[in-house]
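Chain residues, written in single-letter form:
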Amino acid sequence: MGMAASQARFLTLTARKSNVEYEGQQVNQERTSLANESAGLFNKMMALQVPTPPSATDFYNTRYTFDASGLDYSITSTTPRTDGRYEMVMSYKTTENTAKAYSVSGTMNFTDNVPSSIDIRDNNYPITVLTRDENGNYVDENGKVDADVKTVANVAQEDLTTDANKYFYKYKYNNDNGTSGTTYYISGTNMKALMTGAAGAESYDISDSFPSGLSAFYLTDQTVAKTLNAVGTFPKTTTEGRFEELRIDEVDSEDENIQKALVGKFFDLSLTQVQDDEGYAEAMKDYEYQKMLYERTINDINAQTEIIQQQDRTLELRLKQLDTEQNALNTELEAVKKVIETNVEATFKTFA
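Treat the numbers as computed from the prediction; the structure is a model and nothing was measured. (Residues numbered from 1 in each chain as written. Predicted model: local features only at pLDDT ≥ 70, side-chain atom pairs only at ≥ 80, totals over all residues. Heavy atoms only, no water.)

Visitor: Hey, could you go over the environment of Asp122 for me, with residue numbers and the actual values?
Guide: Inspection of the secondary structure puts Asp122 in the loop between strand S5 (114–120) and strand S6 (123–126). Spatially, the C-alpha atom of Asp122 lies 8.9 Å from that of Gly106, the residues being 16 residues apart in sequence. (Helix = DSSP H or I, 4+ residues; strand = E, 2+ residues; numbered from the N terminus.)

Laid out in structure tokens, this is it:
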């Protein structure tokens, strides 16, 4: 390689080395910027407030309470009137019958195309057919009225006026062959669909006809919270102004039992810590909402951090490539320097 060619090659390599160094600086600057973004996201995550669920023990109100005919009443609010009396809102809990659905699978047996019994888990339970009379009541073959079936039908949202529901069917299911236990009802509408598929059969597999089981219903007790409006006075108070006695003049209820138990009666009042179920429920809703926002923010931060990490890995790979190229350029520059030195030495020796 001649002197001029060597010098040209040296200049080219030097320029390329400078470009590689500059590009490496740019890559490092980008990685520093990504590191700052990542640190910002981490600080943002650390600053987030982790939602904590409310504690039921924190939701209590001090209220006046009294007992009437076995029910515990709580006065939730009072508003004074111009006639010296108070308008009040009272809450209480009572037990009511409600119906629950039950999915039953087994074999339905028929006698003269009428359901007569049902086989469940190797036990046979007789079926009683209830017929609606002219008064709308459901009666058995002996004319005995079954009052529970109306509750079952209403909760099951059955239309009692349809032809299918001229009949209801019931059986008792437990492990002693139905002599006691829970009473289950099957509506005429559900049974009509079954009997259509089982026309003329002596027995029919419910599981095959109804993949989720035949829909039956049973009655169970359920505690229900209710409120009512009342008007009354507080005949006795303490020197501190606390009410000690209540007299109720009116109640906004059509329930005769409540009317008899409350109207015109005097009751001793107690100050009691009553759990605020509504406040607790609202706090739980707010907690669930805040939890959703927190989890979404965390997911967003994680997603952004993953993108930054991927970009940083790409830049790191590029920096390694530049480092390899820089080493190659250094090696080649050293070789060209030696060629130039050899050419210089040979030229000057010749003229010497």
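That covers the picture; the talk isn't over yet.
Visitor: Mind laying out the pairing of strand S9 (residues 167–173), listing which residues take part and the relevant values?
Guide: Here strand S7 (residues 128–132) pairs with S9 via four bridges, running antiparallel. When the sheet's bridge partners are listed, Thr131 is paired in S9 with Tyr167. Judged from the six bridges that link them, S9 and strand S10 (residues 182–187) form a sheet pairing that is antiparallel. Its bridge partner lying in S10, Tyr169 is registered against Ile186. (Pairing = 2+ DSSP bridges.)

Visitor: Lay out the nonpolar core in plain terms, naming residues and giving numbers.
Guide: Membership of the largest hydrophobic core comes to 19 residues, with the highest contact counts inside it found for Phe66, Ile75, Leu228, Ile248 and Leu262. When contributions to this core are tallied by element, the ones reaching two or more residues are strand S1 (60–68), strand S2 (71–80), strand S3 (86–104), strand S12 (214–233), strand S13 (245–251) and helix H5 (256–262). In this structure Leu262 touches Phe66, Ala68, Tyr73, Met90, Leu228, Ile248, Val251 and Phe267, once residues within four positions along its chain are discounted. With 18 residues, the next largest nonpolar core counts Met108, Ile120, Tyr169 and Met191 among its residues. (Core = buried A, V, L, I, M, F, W, Y, C linked by side-chain atoms within 4.5 Å. Buried < 20%, exposed > 50% of the residue type's maximum accessible area, 1.4 Å probe, protein only. Contact = heavy atoms within 4.5 Å.)

Visitor: Which residues make up unusual backbone geometry, and what values do they have?
Guide: The phi angle at Asp112 is positive, at roughly 55°, despite the residue not being glycine. For Asp112, the location among the structural elements is in the loop between strand S4 (107–111) and S5. Overall, the relative accessible area of 72% leaves Asp112 in the exposed class. At Asn113, a position not held by glycine, the phi torsion is positive, near 65°.

Visitor: Kindly report on the pairing of S12, identifying the contributing residues and their values.
Guide: Successive side chains on a regular strand alternate, one facing one side of the sheet and the next facing the other. Bridge count between S3 and S12: 19 bridges; the pairing is antiparallel. Bridging from a neighbouring strand, Val104 pairs with Leu214 of S12. Two strands pair when backbone bridges link them, and S10 and S12 are joined in this way by two bridges, in the antiparallel orientation. Across the sheet, the residue bridging to Tyr184 is Tyr218, located in S12.

Visitor: Lay out the sheet that holds S6 in plain terms, naming residues and giving numbers.
Guide: One key point about sheets: their strands pair by backbone hydrogen bonds, in either a parallel or an antiparallel sense. Spatial strand order, S6-S5-S4-S11: four strands in an open sheet with antiparallel pairing. The open sheet has two edge strands with one neighbour each: S6 and strand S11 (203–205). Adjacent strand axes in the sheet meet at a mean angle of 25°, parallel and antiparallel pairs treated alike. Where S4 and S11 come together, three bridges link them in antiparallel fashion. What sits directly across from Asn109, in S11, is Ser203. Taken strand by strand, helix H3 (residues 188–197) contacts S4, S5 and S11, and its axis lies near 80° from that of S4. (Axes fitted to C-alpha atoms, helices over the stretch in contact; angles between N-to-C directions.)

Visitor: Can you explain the packing of aromatic side chains? Please cite residues and give values.
Guide: When we look at a pair of aromatic rings, we describe it by the centre distance and by the angle of the planes. All told, the structure shown has 15 aromatic pairs when counted by the stated rule. Measuring from centroid to centroid gives 5.1 Å for Tyr73 and Tyr92, while their planes differ by 40°, and the two rings are tilted. Of this pair, Tyr73 sits in strand S2 while Tyr92 sits in strand S3, placing them 19 residues apart in sequence. Assessed through its relative accessible area of 2%, Tyr73 is described here as buried. (Phe/Tyr/Trp six-rings, centres within 6.5 Å; stacked < 30°, edge-to-face > 60°.)

Visitor: I'd like to hear about the environment of Tyr294, residue by residue, with values.
Guide: Among the structural elements, Tyr294 can be located in helix H6 (residues 277–351). What makes Tyr294 partly exposed here is its relative accessible area of 23%. Sequence separation of Tyr294 and Val50 is 244 residues, and the distance between their C-alpha atoms is 7.1 Å. The residues contacting Tyr294, other than those within four sequence positions of it, are Leu48, Gln49, Val50 and Pro51.

Visitor: So what's going on with the pattern of salt bridges? Residues and values would help.
Guide: Summed over the entire model, instances satisfying the criterion amount to 12 salt bridges. Asp83 is the salt-bridge partner of Arg81, the closest N and O atoms lying 2.9 Å from each other. One salt bridge connects Asp249 with Arg247, and the closest N-O pair in it is separated by 2.0 Å. Among the charged side chains, a network of salt bridges with common partners joins Arg81, Asp83, Arg85, Glu87, Arg247, Asp249 and Glu250. (Salt bridge = Lys/Arg side-chain N within 4 Å of Asp/Glu carboxyl O.)

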